[in-house]
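What follows is each chain in one-letter form.
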Amino acid sequence: WSPAFAKRNGLARWGWRGGVVAILLILLVIVLVEPIVNSIIRGRIEAAVSAQMNATLQIDELHYSLPFSVSVRGLRLIGTGPDGSPLTLGDLPDAKISLAGLPHGTVNIASVELDGLTWFALRLPSGKLWLPSAGTLMKPSPPAGPDAENGSSGAVHVGQFSLKDAKLLVRPVGAAMDMEE
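K.L.:
How would you sum up the confidence of the model for the chain? Please name residues and give values.
P.N.:
When pLDDT is averaged along the chain, the result is 74; 70% of the residues meet or exceed 70. Confidence, expressed as mean pLDDT per element, reaches its minimum in the chain at helix 1 (residues 3–8) with 57 and its maximum at strand 1 (residues 56–65) with 87. Within the model, the stretch residues 146–153 combines pLDDT values under 50 with 10 contacts to residues more than four positions away or in other chains. Confidence drops under a pLDDT of 50 for residues 177–181, and excluding neighbours within four residues, the segment shows 13 contacts in the predicted structure.

K.L.:
How would you sum up the pairing of strand 5 (residues 118–123)? Please name residues and give values.
P.N.:
Here strand 3 (residues 86–99) pairs with strand 5 via two bridges, running antiparallel. In the strand pairing of strand 5, Asp91 is matched with Thr118. In terms of strand pairing, strand 5 meets strand 8 (residues 167–172) through six bridges, oriented parallel. Looking at strand 8, one finds that Phe120 is bridged to Leu169. Alignment of strand 5 against strand 6 (residues 129–130), held across two bridges, turns out to be antiparallel. Note on strand 6: the bridge partner recorded for Leu122 is Trp130. Here strand 5 folds back onto strand 6, and the loop between the two strands holds five residues, one of which, Gly127, carries a positive phi near 95°.

Rules used throughout
Residues numbered from 1 in each chain as written. Predicted model: local features only at pLDDT ≥ 70, side-chain atom pairs only at ≥ 80, totals over all residues. Heavy atoms only, no water. pLDDT = per-residue confidence, 0-100. Helix = DSSP H or I, 4+ residues; strand = E, 2+ residues; numbered from the N terminus. Contact = heavy atoms within 4.5 Å. Pairing = 2+ DSSP bridges.

Dropping the structure here:
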């Protein structure tokens, strides 16, 4: 890069303005791409839960931070009650997840922080407490295939798990199970 080359090719007149324009373009791309990336990640998380559970995960807000961090606000797990009707099983205002690396088959999570988890239970007319069992909530696992040895089993490994301000809320059958009452 000589001054003569820059002058011949019109680069000299851009000078510092070209650098400012380049930085503004990079910032614009980041601002436009972030919501798209967050939406894709939210969809993948919701689909992964639905694929492994007899329940639906609803996420209000998700933010991905480089390189491997996700924070979530307004997370609800909707399952089926004992009478077959939709039922809010759990509600979580805040969650932070840090991955140990990019997921390739097995997902290695460095840490999970859950703050304010509420898990719902029903008091049946018989007086018994109803909570969905793992067998009711989880879909059966497919048999291990040939990919199980190379780490693409779909398993999740968690290094550190933190649960803060959790509670179990028991309501009688027929009571509304939404948090907004």
